[in-house]
Amino acid sequence: MVSDGSLLVRTLCVKSSARNQAERGEHGVEIGPRLYPDAREGDAGSGGATIVAGVTTSTADLAARYRKVLPSFLAPYYPEPISIDHGEGSNVFDLDGNRYLDFFGGVLTTMIGHSHPAVTAAVQEQAAKVMHTSTLYLSEPMIEFAEMVCDASGIPDARVYFTPSGSEANDAAILMATSYRKSNQILAIRNSYHGRSFATQAVTSHSSWKSTAISGLQVQFVQGGYRLRSPYRDLPDDEFTSACVDDLVQLLDMTSAGDVAAMIAEPIQGVGGFATPPDGMFGAFGKELANRGILFISDEVQTGWGRTGDHFWGYQAHDIVPDMLTFAKGVGNGITLAGVVARAEIMDTIDVLNFSTFGGNPLSAAAGIATLRTVQDEDLQGNAKAMGERFHEAMQATADDTPWIAEMRGRGLMWAFEICEPGGVEPDKARTADFHEACRRHGLLVGKGGLYGNVVRLAPMLNVTADEMDEGVAALQAAVADVS
Ligand code: PMP
């Protein structure tokens, strides 16, 4: 963690929810404490405390309260969890006044920086006008954002259906594909994650995240881009792709009833540990799918909006235009916002009423417009490419020289380190936890993931600066040294 004494004093005296804009400098930096008249210093427990009018909240209190009211399948990172009080740009600050460089963005969701002035202003302005209308009425923010998304999607004659989350977006895509094709057969990729809902669990293969095998869908999983654990891993790129295509063809010929509805795939598997296939692999799949009328759904929940640097959408690395794409996470920069884009003929296959109460909510749409406009106007895809290359150049040698890093993989601003027993591919979950904790000690927030929980994942903000990137690299290298 990066300690800043003066910040600690200030944070001790401020409750974030009461913090008002006037107390912030031009870029949202606090310029002075707001002292509450009867604030008193309380027991900070194992962490610091936020003290407001006699109410004391400590990190330890929050951890205990979290455990009491949230389900056991939810768990905060770190044995001593971090409480995030507020954020600014690439940084977050905890209740104890510690600053952390955030290279995970709450799972790739804060995409252009915490408290981004344009997004904050758009949300505040919209909240003061009207917060909810539903699709029963015309709402300019929703329509404007829909136009921007359809335009950016690359899908011809596009329509977008908004949902609150990625799971619901994928669910809707599966509903549309199965209705359009009148088939319940779906293909997905091994090591995939597509959401927590009943239908999306069926197309999720990642066993740590698959809570049921019960489904009305018939799903088959094909070989894909998780190369380190693929039977084809030693093959060069084009042969690797051919082997995966052969597997797909064999599966279709030998095991399906011949009328498969769709394949759903993440261009880079997110939860699966940023498993990155060779460029062109999904295009090669797509030819076989198109021959049989099978739709291709690109799950862009993690890879969309320029995150991969070389492309605006992950699918664009594969010489394919998907029939449908789904998005969520980053485009609201933290506000719930997701959806599915499809050609009109596919979307309009739903010929009864279908309605998502919060889908296209004006508050979400306002956040989406501000975020997407910033990404486009400031060429954040270009920044993702440049900063991604900077990171790659700075870290590859460290990864190569570290025997327990089995692989460094990714592109743009999605990078992962798979951690294994030195010299092999036996997952080393304990060392992954140590490395994750060491990053935190050095002031860097990163994520975990991968099939065996043995992958450390980094996804800096799309507008991360060179200085921030260098700070992150230094922290990461110090953490590697600690764990070696
Ligand atoms: N698809 C992918 C690729 C994801 O990474 C996620 C979330 N991790 C989802 C779908 C589900 O999104 P949500 O959590 O918003 O339902």
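Description of the structure in this document. What you see is a predicted model; the values in this text were computed from it and never measured. (Residues numbered from 1 in each chain as written. Predicted model: local features only at pLDDT ≥ 70, side-chain atom pairs only at ≥ 80, totals over all residues. Heavy atoms only, no water.)

### What to know about the packing of aromatic side chains
Condition: For this analysis, a ring pair means two rings from Phe, Tyr or Trp (six-membered ring only for Trp) whose centres lie within 6.5 Å, classed as stacked if their planes differ by under 30 degrees, edge-to-face if by over 60, and tilted for the remaining angles. Helix and strand definitions follow DSSP, with helices as H or I runs of at least four residues and strands as E runs of at least two, each counted in order from the N terminus. For a ring to carry a charge above it, either NZ of a lysine or CZ of an arginine must fall within 6 Å of the ring centroid while also lying within 35 degrees of the normal to the ring plane.
Scanning all chains against the criterion turns up 14 aromatic pairs. Consider the rings of Phe391 and Trp415, whose centres lie 6.1 Å apart with planes at 35°: the pair is tilted. Here Phe391 is found in helix α12 (residues 380-401), whereas its partner Trp415 is found in strand β14 (residues 414-419), with 24 residues between them in sequence. Connected via pairs of aromatic rings, a cluster forms that spans Phe145, Phe162, Trp305, Phe312, Trp313 and Phe327. We note Arg227 situated over the ring of Phe240; from NZ or CZ to the ring centre the distance is 4.5 Å. Note that Arg440 overlies the ring of Tyr78, its terminal NZ or CZ placed 4.9 Å from the centroid.

### Describing the side chain of Gln302
Operational definition: Any residue under 20% of the maximum accessible area for its type is buried, any over 50% is exposed, and the rest in between are partly exposed; the area is computed with a 1.4 Å probe on protein chains only. We define a polar contact as two N or O atoms separated by no more than 3.5 Å, with the added condition that, inside protein, one atom must be a possible hydrogen donor and the other a possible acceptor, whereas residues neighbouring each other in sequence contribute only through side-chain atom pairs. In what follows, a contact means two residues having at least one pair of non-hydrogen atoms within 4.5 Å.
Examined against the element boundaries, Gln302 turns out to sit in the loop between β10 (295-299) and β11 (324-327). Overall, the relative accessible area of 10% leaves Gln302 in the buried class. A polar contact is formed between the side chain of Gln302 and the side chain of Arg457, at a distance of 3.4 Å. Residue contacts for Gln302: discarding those within four places in its chain leaves Val107, Leu108, Gly270, Val271, Phe274, Arg307, Lys329, Met414 and Arg457.

### A look at the nonpolar core
To keep it simple, the criterion reads: Think of a nonpolar core as a cluster: buried Ala, Val, Leu, Ile, Met, Phe, Trp, Tyr and Cys residues, connected wherever their side-chain atoms sit within 4.5 Å.
Core analysis: the largest hydrophobic core is formed by 83 residues, its most contacted members being Phe285, Phe391 and Phe435. Excluding its chain neighbours within four sequence positions, the residues that come into contact with Phe391 are Met408, Trp415, Phe417, Leu458, Met469, Val473 and Leu476. Listed in part, the 23 residues of the second largest apolar core include Ile186, Ala188, Ala261 and Ile264.

### Here's the deal with helix α6 (residues 166-181)
Note the threshold: Take the residue count of a helix, subtract one, and multiply by 1.5 Å to get its expected span.
Between its first and last C-alpha, α6 extends 22 Å over 16 residues, near the 22 Å set by a 1.5 Å rise per residue. Burial in α6 covers these residues: Gly166, Ser167, Ala169, Asn170, Ala172, Ala173, Ile174, Met176, Ala177 and Thr178. One or two steps after α6, the chain reaches Lys182, where phi turns positive at roughly 50°.

### Examining the site of the ligand
Counted only if it meets this: We call a residue near a given molecule or strand whenever any one of its heavy atoms falls within 4 Å of it. Where accessible areas are quoted, they stem from the Shrake-Rupley method and a 1.4 Å probe; at the residue level, only the protein chains shown are allowed to cover.
Around the ligand there are 14 residues in total, and Gly166, Ser167, Arg196, Asp299 and Gln302 lie nearest to it. Ser167 has a polar side-chain atom sitting 2.6 Å from an oxygen atom of the ligand. Within the side chain of Lys329, an N or O atom sits 3.2 Å from a nitrogen atom of the ligand. Taking 390 Å² as the accessible area of the ligand by itself, protein coverage stands at 86%. Sorting elements by how many residues they give to the shell around the ligand places α6 first, with three residues.

### Regarding the side chain of Arg409
Tracing the backbone shows Arg409 in strand β13 (residues 405-411). Here the side chain of Arg409 touches Phe274 through a polar contact of 3.4 Å, landing on its backbone oxygen. In terms of polar contacts, Arg409 uses its side chain to reach the side chain of Glu418, at 2.8 Å. In this structure, Arg409 is in contact with Tyr226, Leu228, Gly272, Gly273, Phe274, Ala275, Thr276, Met414, Trp415, Ala416, Glu418 and Val455, ignoring residues within four places of it in sequence.

### A closer look at the sheet that holds β10
Put simply, the rule is: DSSP calls a pair of strands paired once it identifies at least 2 bridges connecting them. For helices, the fitted line uses only the C-alpha atoms of the stretch in contact; every axis is such a line through C-alpha atoms, and the angle between N-to-C directions lies from 0 to 180 degrees.
Judged by pairing direction, the sheet is mixed, and its seven strands sit side by side in the order β6-β12-β11-β10-β9-β7-β8 without closing on themselves. In the strand order of this sheet, the two ends are held by β6 (158-163) and β8 (218-222), each with one partner. Taking each pair of neighbouring strands and ignoring which way they run, the sheet shows an average axis angle of 20°. Note: strand β7 (residues 185-189) against β8, five bridges, orientation parallel. Note on β8: the bridge partner recorded for Gln185 is Gln218. Along the sheet, helix α5 (residues 140-153) contacts β6, β11 and β12 (338-343); its crossing angle with β6, the most-contacted strand, is approximately 125°. Sitting on the sheet, helix α8 (residues 237-255) is in contact with β7, β8 and β9 (262-265), with an inclination near 150° to β8.

### With respect to the environment of Ala365
Relative to the assigned elements, Ala365 resides in helix α11 (residues 362-377). Considering only alpha carbons, one finds Ala365 and Pro141, 224 residues apart in sequence, at a separation of 5.5 Å. In this structure Ala365 touches Pro141, Met142, Phe145 and Gly360, once residues within four positions along its chain are discounted.

### Structural notes on the sheet that holds β14
Taken in spatial order, the four strands line up as β13-β14-β17-β16 in an open sheet, and their pairing is antiparallel. The open sheet has two edge strands, β13 and β16 (447-449), and neither has a second partner. Geometrically, the sheet is characterised by an average inter-axis angle of 25° between neighbouring strands, direction not taken into account. Where β13 lies against β14, six bridges are found, and the strand directions are antiparallel.

### Examining helix α13 (residues 429-441)
Between its first and last C-alpha, α13 extends 18 Å over 13 residues, near the 18 Å set by a 1.5 Å rise per residue. Turning to α13, its buried residues number three or more, namely Arg431, Thr432, Phe435, His436, Ala438, Cys439 and Arg440. If you follow the buried residues of α13, they end up packed against β5 (99-102), β14, β15 (444-445), β16, β17 (455-458) and α14 (466-483). Gly443 sits one or two residues past α13 and shows a positive phi near 85°.

### So, the pairing of β12
Most of β12 is tucked away: five of the six residues are buried. In terms of strand pairing, β6 meets β12 through six bridges, oriented antiparallel. Bridging across to β12, Thr163 finds its partner in Ala338. Of the pairings in the sheet, the one linking β11 to β12 comprises four bridges and is antiparallel in character. Among the inter-strand pairings, Thr326 is bridged to a residue of β12, identified as Val340.

### A few points about the pattern of salt bridges
Which entries qualify depends on this criterion: Between Lys or Arg on one side and Asp or Glu on the other, a salt bridge is scored when a side-chain nitrogen of the former is within 4 Å of a carboxyl oxygen of the latter.
Within this structure, the stated rule accounts for 19 salt bridges. Note that Arg292 and Asp253 form a salt bridge whose closest N and O atoms lie 3.0 Å from each other. Taken as a pair, Arg292 in the loop between α9 (281-291) and β10 and Asp253 in helix α8 lie far apart in primary sequence, 39 residues in all. Assessed through its relative accessible area of 27%, Arg292 is described here as partly exposed. Asp253 gets classed as exposed once you look at its relative accessible area, which sits at 53%. Between Glu418 and Arg409 there is a salt bridge, and its shortest N-O distance comes to 2.8 Å. The residues Glu418 and Arg409 share a single accessibility class, namely buried. A cluster of three or more residues bridged by salt bridges with shared partners is formed by Asp279, Asp310, Lys385, Glu389 and Arg411.

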